[in-house]
Amino acid sequence: MSRPPEAGRASAGQKIEQAIEKAFDPLATALKRATTPPPKAAPGKPGLEISPLAVPFPTIPPIGGVEIATARAGFYKHERDDLVVFRFARGTTCAGVFTRHKIGSAPVDWCKRQLDADGGGQDVRALVVNAGCANAFTGKAGADAARRTASEVAKRFGCRQRDVMLASTGVIGVVLDDRKITARLNDIETSLEADVHPTAQWARAGLAIMTTDTFPKGSYAECEIEGRTVRIAGIAKGSGMIAPDMATMLAFIVTDAAIAPSVLRALLGLHVRTTFNSVTVDGDTSTNDTCLLFATGASGAPRIGRVGDRRLKGFSAALDRVMLDLAHQLVRDGEGATKFVRVTVDGAASPASARKLAKSIADSPLVKTALAGEDANWGRVVMAVGKTEEPVDRDRLAIRFGPHVAAIDGAPSPTYDEAKMSAYMKNSEIDIIVDVGSGRASATVWTCDLTKRYVEINGDYRS
């Protein structure tokens, strides 16, 4: 059991909550962001420093039909919240996309089974998320723990087990102790009824799902459907083991629009490819990757039940902004990252080929370590392009780093300036643009550099 904080001193978690409480006023928040440097200590895990690429948590107004509460279940030794519960209004619809990893976790199996069932996603009432235990590779014991968690929450909220979604993140190979969750449900219910500012609710949830993350990730957007304002908010977590093959480590998005589950599924499928599936930190895909989208219908906007409905246009664009923003924040919080890097491949034979080429560059340890060392070694980009076996015209290959041309027509650029290129590499945000000369397709992937700190973080992940 952790010791209580010393008298007169706030714990790290309390300090974070106090900071959130003070951030309600948008003007005060803006002034604070503009004048105050970010804290050095990350709230997720002792010893981590907040990423130099971190972005502030957004101001999120009330979203009808959802309540959020957090608690400390004790999956971590140090004092911090590690449990989040969302409670949704009756009639809330849901869709999800999940990892294609061959060893999916128990909560992933649970959600897929409920959403794939007849009538799945029609009336989802709760989401339970824990950090500190992935409940992956845990066999029947892990599946039973997931079921018991859903059952207990369903009893509390007066709904069916199938209407409770689950997600977990943390160490693989440890069975979830669901008693730690059920022991905190009284506190959760009390917190759900409390009058808490929505930004604080969302920010606390973002903090509670963190593992090696160094800052909570949130996003917000609005649109209109037939004159009604519709709101979309989301949080995500992820810092390492990021090369999603469907979504991200964990992402939860809620809207007050009224949208059928089949339409939500289509929208997720449309946008996940160019957002969560287009970021990479280290090339590793998680057992627990989950992205869930909930629609409460509380906005009063008319219900949309058809994918081809023209009224979806604005909503689809707003959803894409939220998903892309969250995906970018994952990269900005890449373990040990100091560079936010956009890799664009043009002139590819097909979109799939462009994507594979961009991923090859973004995932290359040699490219990423050169970025960390601020070394303008563009020859490593040539290597990453050529190793893919994708169609590439060597004699038309061109490479740029930002505005600086490194290679053109398959040879070093006659205007190449090493000094200018080296100066550009010192930027915290870098663009790599490659034209492979084989067609007209393009793709963009976002990544970060690979530093010594990545090795240190993962060397003591379980300590």
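In what follows, the structure referred to is the one given above.
The shown structure was predicted, so the numbers you read here are calculated from the model rather than taken from an experiment. (Residues numbered from 1 in each chain as written. Predicted model: local features only at pLDDT ≥ 70, side-chain atom pairs only at ≥ 80, totals over all residues. Heavy atoms only, no water.)

Chemist: Is there a simple way to think about empty space enclosed by the protein in this case?
Modeler: Over the atoms, a rolling probe the size of a water molecule traces out where space has been left empty. The final tally for this structure, using the stated rule, is three cavities of 30 Å³ or more. Taken together, Pro-107, Val-128, Val-129, Asn-130, Ala-146, Thr-149, Leu-166, Ala-167, Ser-168, Leu-176 and Ile-181 form the lining of the largest cavity. Tallied by class, residues from the lining of the largest cavity come to eight nonpolar, three polar and no charged. (1 Å grid on protein atoms, 1.4 Å probe; cavity = no way out; pocket = protein on both sides within 12 Å on 5 of 7 lines; lining within 4 Å. Points joined across faces, edges and corners; volume = space filled by probe spheres on them. Nonpolar A, V, L, I, M, F, W, Y, C, P; charged D, E, K, R; others polar.)

Chemist: Whenever I open this one, helix α7 (residues 198–208) confuses me. Can you help?
Modeler: One turn of the α-helix equals 3.6 residues, which is why residues spaced by three or four share an orientation. Along α7, 11 of the 11 residues are buried, which leaves the element largely enclosed by surrounding structure. Residues of α7 that are buried: Pro-198, Thr-199, Ala-200, Gln-201, Trp-202, Ala-203, Arg-204, Ala-205, Gly-206, Leu-207 and Ala-208. (Buried < 20%, exposed > 50% of the residue type's maximum accessible area, 1.4 Å probe, protein only. Helix = DSSP H or I, 4+ residues; strand = E, 2+ residues; numbered from the N terminus.)

Chemist: Help me understand the packing of helix α8 (residues 261–272) against helix α9 (residues 312–332), please; the structure alone is not making it clear to me.
Modeler: In a pair of packed helices, the angle between the axes and the distance between the axes together describe the arrangement. Where α8 contacts α9, the two axes come as close as 10 Å, and the packing angle between them is 50°. Accordingly, the angle class assigned to the pair α8 and α9 is oblique. Between α8 and α9 the crossing geometry is right-handed. In this structure, α8 uses Val-263, Leu-267, Leu-268, Leu-270, His-271 and Val-272 to contact α9, whose residues at the interface are Leu-312, Phe-315, Ser-316, Leu-319, Asp-320 and Met-323. (Axes fitted to C-alpha atoms, helices over the stretch in contact; angles between N-to-C directions. Parallel < 35°, antiparallel > 145°, perpendicular 65-115°, else oblique. Left-handed = near helix turned anticlockwise from the far one by under 90°. Contact = heavy atoms within 4.5 Å.)

Chemist: Can you walk me through the pattern of salt bridges in this structure?
Modeler: Pairing between side chains of opposite charge can happen when the charged atoms of each approach one another. Tallied over the full model, the rule gives 24 salt bridges. Put simply, Lys-237 and Asp-213 hold a salt bridge, and the shortest N to O gap is 3.8 Å. Of this pair, Lys-237 sits in strand β7 (residues 228–237) while Asp-213 sits in the loop between α7 and β6 (217–225), and the two are 24 residues apart along the sequence. What makes Lys-237 buried here is its relative accessible area of 1%. When the shortest N-O distance is used, the salt bridge between Arg-453 and Glu-456 registers 3.1 Å. Linking Arg-453 with Glu-456, this pair stays in helix α14 (residues 452–459), spanning three residues, or about one helical turn. Judged by its relative accessible area of 45%, Glu-456 falls in the partly exposed class. Three or more residues are tied together by salt bridges with common partners; here these are Asp-213, Lys-217, Lys-237 and Asp-333. (Salt bridge = Lys/Arg side-chain N within 4 Å of Asp/Glu carboxyl O.)

Chemist: How should the sheet that holds β7 be read in this particular structure?
Modeler: Two modes of strand pairing occur in sheets, parallel and antiparallel, and in both the strands are linked by backbone hydrogen bonds. Taken together, the five strands give an open sheet; going across it, the order is β3-β9-β8-β7-β6, and neighbouring strands pair in mixed fashion. This sheet does not close on itself; its edge strands, each paired only once, are β3 (93–98) and β6. On average, adjacent strands in this sheet sit at an angle of 15° to one another, irrespective of strand direction. Both β6 and β7 contribute to a ladder of nine bridges, which runs antiparallel. (Pairing = 2+ DSSP bridges.)

Chemist: I tried to follow the pairing of strand β1 (residues 66–71) on my own but got confused; where do I start?
Modeler: The two faces of a sheet get side chains in turn, since along a regular strand they alternate between them. With respect to burial, β1 is a largely interior element, five of its six residues being buried. By the bridge criterion, six bridges tie β1 to strand β2 (residues 83–88) in an arrangement that is antiparallel. Following the sheet pairing, Ala-69 is matched in β2 by Val-85.

Chemist: Would you mind going over the sheet that holds strand β13 (residues 411–412) with me for this structure?
Modeler: Across the sheet, which stays open at both edges, the six strands sit in the order β13-β12-β11-β14-β10-β15 with mixed pairing between neighbours. The open sheet terminates on both sides in strands that have one partner only, identified here as β13 and β15 (441–448). Of the strand pairs in this sheet, strand β11 (residues 398–401) and strand β12 (residues 404–408) are connected by three bridges, and their pairing is antiparallel. By the bridge assignment for β12, Ile-399 is matched with Ala-407.

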